[in-house]
Every structure is written in structure tokens, then in C-alpha cells.
Amino acid sequence: MKIDSDNINRFYDKIFDWVIAKGPAVLLGIAVLIVGLWLIKIFSKWSKAAMTRRAVNPSLTPFLTSLIIITLRVLLVLTVMQIIGIQLTFLTVLVGGIGVAAGLALSGTLQNFASGVLILLLKPFVVGDNIIAQGQEGTVKSIQIFYTIVKTFDNRSVVIPNSKLSNEVIINISKEGVRRLDIEIKFSYGIEFEQIVKVFNQTVDEFKKCLNTPERRIGVSSLEDSGYKVAMNIWVKAHGFMDTKLSFQQELMKNLKNGGVKLPGMPD
């Protein structure tokens, strides 16, 4: 019985020594964990409100919020373990090795994912914009995390990886709301410039889709042996640009003929 009593006393002594040595660190770790979880909860609510104010894409908000919360919680747990005194060397090496392997295996996918997040946050284009990218011109129909779908004007759906859109040139042809329509026609020197300007202005004034501002511009763009070229710059709405261009050119051609202005190729 004496041996058992001595063993029990030594066991209690070890527990007491451990409590004295590690107790404050454990209590501090528990306190940090509780306070940290509370702060993460508050930060989560704040981040959701901030994303709502900044009009972040609704499909991205839950994902970003979850990613931030999980990251903060992992960092909090690692911090608490460090405070308590748990060795993290092996865990760090293991996590690092897994991260490197996953990064190498998913480098392209991760790049597309990161690019998708940047596109949704920075908004170089949004759904409904007309863009030119990767040799394709069309309307943005959908922006996903890994890719963007562009519907071309001849009704083809083009799937473009987001990494291509974030690392290369994108021309957003509708973001400003208006576009300049440029027309250049060649006339013989026998036709007076003032007569041409009169017909041009008449067409613009009668065509309802032409905008008054910015102001139109009409002038001689080049002089050649066989005649001179007249250029006109007018402004129209960006959406429906091609339809407007076709309709305007049709009206201009009709007015030129009705105004007695001979176009190239017309019989005498």
C-alpha cells in the first residue's frame, strides 16, 4: 500500500507541476480562442456588409466570406497551439508539402480561380458588356469563377479561361455607353465639298439614333489623284452599334443619290 501511495503522490505532484508550468499558457490559449472566435464573427458580418456596399458579385460574396472565415480560424487555432506550447514543426512541414503538391497539380486551375476573383472584384467588364478578347467579339453572358462565357454576334458561345482575360488585353467596347461611328467615302473633284457636307448633316439630323454630343466632325481626310475622301465622325449608343451603322449607311447612301451626289461606280 505504501508503494501505491508513493506512486499516487508522485502522479499528483506531476499533475500539479504541469498545471503550474502549463496552466497559465492553457488558460491564455483558451481566452485567445474565445476572443478570436468572437472577433472573427464580427469581422464576418463587417466583410459581408462591405461587399454589399461595394456591389460585389452576389455569387462571389458567400465564397469569399467563407474563405476568409476559414483562413482566420485556421490561423487562430495555430496561434492557440503555439501559445499552449504544442510543437508545430511536423504539422508545418506536412501542410507545406501538401500545399506545394496541390499548387503544382492545380496551378492552371488556381490561376483561373484567382483571375475570376479579380475580374469579379475589379470589374473590367460585367455581364452585358460587349468586349473584344482572344480574337473574339461579343457580349459577356456569364462570369464564372474559372471561366467567362462570351456570346459572339453570330450566335456562338465562347468559353474563355479567366487567366486569359486577366493577363491579356481586353477591349470593352460598351463600357463608356457611346461609340464613335466613322465613315469615309471617296468623291471626284467635280463634286463640291459643301454639297457633300450638306447631305451628311441632313442625314445626321434626320437619323434619330445619332447623338448631339459629342459633336459630329466632317472633313477632307485625304487628297488623291482620282479624287478626295471625306470622313465623318458621329456618336451613337454603344449597344446596337452595328445595327445603327448599317441603318445609317443605308440612309446616307440614299440621301447622297437623292441630293445629286455621284458615288464611286455610279454610271454617268
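Structural data are supplied above this passage.
Cut-off values and rules
- Residues numbered from 1 in each chain as written.
- Predicted model: local features only at pLDDT ≥ 70, side-chain atom pairs only at ≥ 80, totals over all residues.
- Heavy atoms only, no water.
- 1 Å grid on protein atoms, 1.4 Å probe; cavity = no way out; pocket = protein on both sides within 12 Å on 5 of 7 lines; lining within 4 Å.
- Points joined across faces, edges and corners; volume = space filled by probe spheres on them.
- Helix = DSSP H or I, 4+ residues; strand = E, 2+ residues; numbered from the N terminus.
- Nonpolar A, V, L, I, M, F, W, Y, C, P; charged D, E, K, R; others polar.
- Buried < 20%, exposed > 50% of the residue type's maximum accessible area, 1.4 Å probe, protein only.
- Polar contact = N/O pair within 3.5 Å; in protein donor to acceptor, adjacent residues only side chain to side chain.
- Contact = heavy atoms within 4.5 Å.
- Salt bridge = Lys/Arg side-chain N within 4 Å of Asp/Glu carboxyl O.
- Pairing = 2+ DSSP bridges.
- Axes fitted to C-alpha atoms, helices over the stretch in contact; angles between N-to-C directions.
- Phe/Tyr/Trp six-rings, centres within 6.5 Å; stacked < 30°, edge-to-face > 60°.
- Lys NZ or Arg CZ within 6 Å of the ring centre and 35° of its normal.

Novice: Looking at this structure, how should I read the layout of surface pockets?
Specialist: With a probe scaled to a water molecule rolled over the atoms, the places where space remains empty come into view. Quantified by volume, the largest pocket comes out at close to 180 Å³. Taken together, Asn130, Glu137, Phe153, Ile173, Arg179, Ala238, Gly240, Phe241, Met242 and Asp243 form the lining of the largest pocket. With 3 residues, helix H7 (residues 241-258) is the single largest residue contributor to the lining of the largest pocket. For the lining of the largest pocket, the per-class residue count stands at 5 nonpolar, 2 polar and 3 charged.

Novice: What's the story with unusual backbone geometry in this structure? I'm lost.
Specialist: Leaving glycine out, the prevailing phi sign among residues is negative, and the prevailing peptide bond configuration is trans. A cis amide bond links Thr213 with the next residue in sequence, Pro214, at an omega value of -5 degrees. Of note, Gln134 is a non-glycine position whose phi angle comes to about 55 degrees, a positive value. Summarising the element assignment, Gln134 is placed in the loop between strand S1 (130-133) and strand S2 (136-143). Positive phi values are uncommon outside glycine, yet Asn155 reaches one of about 70 degrees. A residue is classified by how much of its surface remains accessible, and Asn155, at 55% relative accessible area, is exposed.

Novice: I'm lost on the environment of Ala238 in this one. Help?
Specialist: Structurally, Ala238 can be placed in the loop between strand S8 (227-237) and H7. Ala238 sits in the buried class, given a relative accessible area of 2%.

Novice: What should I look at first to understand the side chain of Thr148 in this one?
Specialist: Position of Thr148 among the secondary structure elements: in strand S3 (residues 147-152). Separated by 2.8 Å, the side chains of Thr148 and Asn162 make a polar contact. Excluding residues that lie within four positions of it along the chain, Thr148 makes contacts with Phe125, Val140, Ser142, Ile143, Val158, Val159, Ile160, Asn162 and Leu165.

Novice: Before we go on, may I ask you to explain the environment of Ile183 in this structure?
Specialist: Looking at the secondary structure, you find Ile183 in strand S6 (residues 178-187). The exposure class assigned to Ile183 is buried, which follows from its relative accessible area of 7%. C-alpha of Ile183 to C-alpha of Lys245: the two residues are 62 residues apart in sequence and 9.2 Å apart in space. Leave out the neighbours within four places in its chain, and Ile183 touches Val230, Ala231, Met232, Phe248, Gln249 and Leu252.

Novice: Just to check I follow, could you spell out the pattern of salt bridges for this structure?
Specialist: Side chains that carry opposite charge are capable of pairing whenever their charged atoms lie near each other. Following the criterion strictly, the structure yields 6 salt bridges and no others. For Asp205, the salt bridge is made with Arg216, and the minimal N-O distance between the two is 2.8 Å. Taken together, the positions of Asp205 in helix H6 (residues 193-206) and Arg216 in the loop between H6 and strand S7 (217-224) put the pair 11 residues apart, joining distant regions of the chain. Here Lys254 ties to Glu251 by a salt bridge, and the two come within 3.3 Å at their closest N and O atoms. Here the residue Lys254 and the residue Glu251 both occupy positions in helix H7, the gap between them amounting to 3 residues, near one helical turn.

Novice: Would you mind showing me how to read the sheet that holds S6 here?
Specialist: Pairing between the strands of a sheet is mediated by backbone hydrogen bonds and can be parallel or antiparallel. Here we have 3 strands laid out as an open sheet, ordered S6-S8-S7, and antiparallel in their pairing. Single-partner strands in this sheet number two, and they are S6 and S7. Across the sheet, the axes of successive neighbouring strands diverge by a mean angle of 25 degrees, strand direction being ignored. Here S7 pairs with S8 via 7 bridges, running antiparallel. Bridging across to S8, Ser222 finds its partner in Lys229. Against the sheet, H6 touches S6, S7 and S8, its axis set at about 15 degrees to S8. Relative to S6, H7 is tilted by about 30 degrees, and along the sheet it contacts S6 and S8.

Novice: How should the packing of aromatic side chains be read in this particular structure?
Specialist: Any pair of aromatic rings gets described here by the distance separating the centres and the angle formed by the planes. The final tally for this structure, using the stated rule, is 5 aromatic pairs. Ring centres of Tyr189 and Tyr228 lie 5.6 Å apart, and the angle between their planes is 35 degrees; on these two criteria the pair is classed as tilted. One end of the pair, Tyr189, is in the loop between S6 and H6; the other, Tyr228, is in strand S8, and 39 residues separate them in sequence. Tyr189 gets classed as partly exposed once you look at its relative accessible area, which sits at 45%. Positioned over the ring face of Phe241 is Arg179, at 3.8 Å from the centre of the ring.

Functional significance is not addressed by these values, which are geometric in nature.
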